[in-house]
Amino acid sequence: MKTGLSRILRTGIERLSVVGFRTAKETNNAAFAERKTTLLLVRILGLVCFLAAATTPVVGETVEPLGDESMLSIDRIYGSDEFKAGKFEARWLEGDSAFTTLESSTEHEGRHDIVRHDPETGAQEVIVSASELIPPGESVPLKIEDYAWSNKQTKLLIYTNSRRVWRNNTRGDYWLLDRSARQLRKLGGDSKPSTLMFAKLSPTAEHVAWLRDGNIYLEDLFDSSIRCLTKAEHADVINGTGDWVYEEEFGLRDGFQWSPDGQSIVYTQIDTRGVQKFPLTNNTDSLYPEVTWFAYPKVGHKNPSCRVGVVNCCSGETRWIQLPGDPREHYVPRMQWGDNSGEVILQQFNRLQNRNQLFLVDVASGGVNAILTEEDEAWVDAHNELHWINDGKQFTWISERDGWRHVYIVSRSGDEATLATPGNFDVIRLLHVDEASGWLYFIASPDDASQRYLFRSRLNGCDLQRVTPQETPGTHGYQMSTDSRFAIHQISSTERPPIVTLITLPDHESVRILETNDELCRKLDKLQKGNIEFTRVDIGDGVTLDGWCMSPANVDPSRSYPLLVYVYGEPAGQTVVDRWGGNSWLWHLMLTQRGYVVMSFDNRGTNAPRGREWRKCIYQKIGILPPQDQAAAVEAVLKQRPWIDRNRVGVWGWSGGGSSSLHAIFKYPKLYATAIAIAPVPNQRYYDTIYQERYMGLPETNADGFRDGSPINFAKQLEGNLLLIHGTGDDNCHYQTTEMLMDELIAHNKQFSMMAYPNRTHSIKERKNTTRHLRELMTRYLLQNLPVTLEASKAAPTDSDAAK
């Protein structure tokens, strides 16, 4: 029937085009009869199409297509929890092989007990019941959002009633359960609800330190007295946590730590005075707009300063660490205590972030000793993988000095460094140091950048071993016990949700399965799927990109299929990883069910484990080299798979991927027909200092790079279909820059579509129905502007043809 409809449509269009161009003299009876016949064909086609549409669910319709469990819809994916994967969350107890989990209470619906698990016997014991967490005068237990034990597990800290601060829910209420006294009480004195941050028990379990309104407070657990340990002399000075840019780009949220002896606290102080502020305008929640201002340093402008102090908990006096250089032209992305309570170790970056100096600080004298300097022609990365070993005489250090990301064992003085993970591969993450047995455990994938496996090697760099069994592709994650005997192992892949197992190490033998996701797997097995493959694409000049491809079921080479490319393309992420992708993967699968081919490629510069040169060859070329790689990959794929229609190539991405989508359709208008750009940064000079300067340098020394790497400067080249999507409350990639792009497109008379989501942040997920609305918008736009047709496949044009 579809072939017949296509034939009728082609015949009708051909006849209309012929008759429509005849002159008045040529319009005779025969022509009139031909026109009547053609119009009749078109009317019949219209009726058939109407009937077909009436029996086919529209995008987002709640009913499943023809009641078929094999077909996906927006409602199935985003309107329900039908495909929600089960999780297993646990934490190992310090100095013990046991771990604890939150298990549903049988007495209080929606609340949890804390259960201890013996990994060897499987025995389970409720060590804190939900009933013990009922506040005085209340009848309902606390909702546990997070918890932490004292060293001897006699006290339990409960986090609840949280509120979001930028990305995470880091502000809330803290309660303390004294298990020996069987007493539960709220911390913070007369603090307002949901105002405390990052509360921590002291190593002696005698005090709790917590943060409120930019200051660190000390609460005595014996007499409940509270003292303020720090002083924020100005509203723009923040103690114990990061400002916006430190949190976003260095992950510095929790900015204070107890000393091992519980007598002192080391903390950061961020001073944003003089940093220009950015407004977020809320137009929907009050009669007049509400404006929130926050410090946001844009490229080339004044930075916040960061200094580190150590406060004595008895005297309340702070000793400030005197690091060299102007604090506004340097960063302190990492700090931690040394192997004892008398020393602090700090990482300090220069503003260009191509030098990392490691300082060992004597707290008593204030002496600062630079023990190691890491430099790179491009940039250096901050890391949290420094572990003290050998009674404080050595520590682990991550470096790319030999061209690969490796672990080194460095002497306390910094004079000696031994490569502990030799080979042409990257250590993706150092997981665990088993000093007693002399092993390092880490994640790596030497042969395939899309995979993640567990390896181990000796501290002296010998005997590299793969711990993850062979023939188990996918992404493997491990949460290891402190005694190195057990691990909670999770494996997932593109088509399979996580399976969680308790295993022994190093033999990787399964002890018991903790989460199977069997029900979800059965649902997934019923879905219609075409070929789903990981591939490599040769783009010439010796460069091969990793990619994946999802095709419709039963691809007919005589037909022609549209291609949608999912892109990120910047150094902060990687799209080609063999792991469960959840609803986003299901949305891509839904598109293949409707006739789309969906692909993704990791261009040079993405954060893939393919060596330093791969990652850093794009220095000062963000937005320049990546779009070239992406376009070359599409060209290569069009030659390899002639059943993909060159005239129907689309691209979509979010954040950096939104910017990449703009580059694609602006710079390669003959290649990409449609683009969806979500929360992009059209002009790099409007993004923050830490991220953009790390990869691009400063505007005064790389003016050409900033110009050519900003898609707004190529907006006049738009020829295809463009949908811009942005949240007006985006504190990260500002809505301002999308408005500037809109203004530029209008100036060049370029038509485009736009959706602004009021008050939504960078994730565009807040408020009722937002995610579902967004995905339906995207789906409808693709169906309308990158349509699936029934045309026969045409030979792919040559490069010279495409350039015309």
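Please read all numbers here as calculations on a predicted model, not as lab measurements.

K.L.:
Which parts of the structure should I look at to understand the packing of aromatic side chains?
P.N.:
Two descriptors summarise a pair of aromatic rings, namely the distance from one centre to the other and the angle between the planes of the rings. Overall, the coordinates contain 27 aromatic pairs when judged by the stated rule. Consider the rings of Trp379 and Tyr695, whose centres lie 4.7 Å apart with planes at 85 degrees: the pair is edge-to-face. Of this pair, Trp379 sits in the loop between β23 (368–375) and β24 (388–389) while Tyr695 is found in helix α10 (residues 689–696), placing the two residues 316 residues apart along the sequence. A single burial state applies to Trp379 and to Tyr695, both of which are buried. Through successive ring pairs, a cluster of aromatic residues spans Trp166, Trp244, Phe278, Phe294 and Tyr296. The ring of Tyr217 is capped by Arg212, whose NZ or CZ atom sits 4.7 Å from the centre of that ring.

K.L.:
Explain the packing of helix α6 (residues 582–593) against helix α13 (residues 770–785) to me, please; I cannot follow it from the model alone.
P.N.:
A pair of packed helices can be characterised by two numbers: the angle between their axes and the separation between those axes. Close contact between α6 and α13 brings their axes to 12 Å; oriented N to C, the two are set at 25 degrees. Judged by the inter-axis angle, α6 sits roughly parallel to α13. As for how α6 packs across α13, the hand of that crossing is right-handed. Taking contact as the criterion, the partners of Ser584, Trp587, Met590 and Leu591 in α6 are, on α13, Arg775, Met778, Thr779 and Leu782. Its residues assigned to classes, the contact of α6 with α13 shows five nonpolar, two polar and one charged.

K.L.:
Honestly, the side chain of Thr468 in this entry has me stumped. Any pointers?
P.N.:
Its location among the elements puts Thr468 in the loop between β31 (465–466) and β32 (475–480). Of note is the side chain of Thr468, whose polar atom sits 2.8 Å from the backbone nitrogen of Leu454. If we ignore the near neighbours within four places in the chain, the residues touching Thr468 are Tyr453, Leu454, His476, Tyr478 and His508.

K.L.:
What should I look at first to understand the pairing of strand β36 (residues 532–540) in this one?
P.N.:
A regular strand carries its side chains on alternate faces of the sheet. Judged from the eight bridges that link them, β36 and strand β37 (residues 543–550) form a sheet pairing that is antiparallel. Residue Glu533 lies in a different strand from β37, and its bridge partner there is Cys549. Here β36 folds back onto β37, and the loop between the two strands holds two residues, one of which, Asp541, carries a positive phi near 55 degrees.

K.L.:
Explain the environment of Ser104 to me, please; I cannot follow it from the model alone.
P.N.:
Here Ser104 shows up in strand β2 (residues 99–104). Residue Ser104 is classed as exposed on the basis of its relative accessible area, which comes to 59%. Along the chain, Ser104 and Val115 lie eleven residues apart, while their C-alpha atoms are 9.9 Å from each other. The residues contacting Ser104, other than those within four sequence positions of it, are Arg111, His112 and Asp113.

K.L.:
How should the confidence of the model for the protein be read in this particular structure?
P.N.:
The predicted structure's coordinates, where accompanied by low pLDDT, should not be read in detail. Confidence along the protein averages 91 in pLDDT terms, with 90% of residues attaining 70 or more. Note on residues 795–804: pLDDT under 50 across the span, and seven contacts to partners over four residues away in sequence or across chains.

K.L.:
Help me understand the environment of Lys155 in this model?
P.N.:
Tracing the chain through its elements places Lys155 in strand β6 (residues 155–165). When the C-alpha atoms of Lys155 and Ala181 are compared, they prove to be 9.5 Å apart, with 26 residues separating the residues in sequence. When neighbours within four sequence positions are excluded, Lys155 is seen to be in contact with Ala148, Trp149, Ser150, Leu176, Leu177, Asp178, Leu201, Ala205 and Leu221.

K.L.:
I'm lost on unusual backbone geometry in this one. Help?
P.N.:
A negative phi angle characterises most non-glycine residues, just as the trans form characterises most peptide bonds. At the junction of Leu505 and Pro506, the peptide bond is cis and its omega measures out at 5 degrees in the coordinates. Of note, Pro506 is situated in the loop between β34 (496–504) and β35 (510–515). Phi at Ser655 takes a positive value of approximately 65 degrees, unusual for a residue other than glycine. Among the secondary structure elements, Ser655 is positioned in the loop between β40 (644–654) and α9 (656–667). Located in the positive-phi region is Arg767, a residue other than glycine, with phi close to 75 degrees. Structurally, Arg767 can be placed in the loop between β43 (753–757) and α13. For Arg767, a relative accessible area of 42% translates into the label partly exposed.

K.L.:
Looking at this model, I keep getting lost on α13. Mind explaining?
P.N.:
Residues three or four positions apart in an α-helix share a direction because the helix packs 3.6 residues into each turn. Its 16 residues give α13 an end-to-end C-alpha distance of 22 Å, which sits within 8% of 22 Å, the value for a rise of 1.5 Å per residue. Among the residues making up α13, those that are buried are Thr770, Arg772, Leu774, Arg775, Glu776, Met778, Thr779, Tyr781 and Leu782.

K.L.:
Can you walk me through the environment of Asp426 in this structure?
P.N.:
The residue Asp426 is located in the loop between β27 (417–419) and β28 (427–434) in this model. On the basis of relative accessibility, which here comes to 3%, the residue Asp426 falls in the buried class. Taking the C-alpha atoms as reference points, Asp426 and Glu400, 26 residues apart in sequence, are found 8.7 Å from one another. Once residues lying within four places of it in the same chain are set aside, the contact partners of Asp426 are Trp404, Arg405, Ile443, Ala444, Ala608, Pro609, Arg610, Gly611 and Arg615.

K.L.:
Help me understand the nonpolar core in this model?
P.N.:
Within soluble globular proteins, side chains that are nonpolar tend to cluster in buried spots. Ranked by size, the top nonpolar core spans 44 residues in total, and within it Tyr246, Val266, Val308, Val310, Ile321, Val344 and Leu346 carry the most contacts. Breaking this core down by element, the ones donating at least two residues are α4 (244–250), β15 (264–271), β16 (277–282), β18 (305–312), β20 (330–337), β21 (343–350), β22 (355–362) and α10. Discounting residues that sit within four places of it in the chain, Ile321 has contacts with Val308, Val310, Val344, Leu346, Val361 and Val368. Counting residues in hydrophobic clusters, the runner-up holds 42 residues, among them Val565, Val567, Val597 and Leu671.

Scoring rules and cut-offs
- Residues numbered from 1 in each chain as written.
- Predicted model: local features only at pLDDT ≥ 70, side-chain atom pairs only at ≥ 80, totals over all residues.
- Heavy atoms only, no water.
- Phe/Tyr/Trp six-rings, centres within 6.5 Å; stacked < 30°, edge-to-face > 60°.
- Helix = DSSP H or I, 4+ residues; strand = E, 2+ residues; numbered from the N terminus.
- Buried < 20%, exposed > 50% of the residue type's maximum accessible area, 1.4 Å probe, protein only.
- Lys NZ or Arg CZ within 6 Å of the ring centre and 35° of its normal.
- Axes fitted to C-alpha atoms, helices over the stretch in contact; angles between N-to-C directions.
- Parallel < 35°, antiparallel > 145°, perpendicular 65-115°, else oblique.
- Left-handed = near helix turned anticlockwise from the far one by under 90°.
- Contact = heavy atoms within 4.5 Å.
- Nonpolar A, V, L, I, M, F, W, Y, C, P; charged D, E, K, R; others polar.
- Polar contact = N/O pair within 3.5 Å; in protein donor to acceptor, adjacent residues only side chain to side chain.
- Pairing = 2+ DSSP bridges.
- pLDDT = per-residue confidence, 0-100.
- Expected span 1.5 Å × (residues − 1).
- Core = buried A, V, L, I, M, F, W, Y, C linked by side-chain atoms within 4.5 Å.

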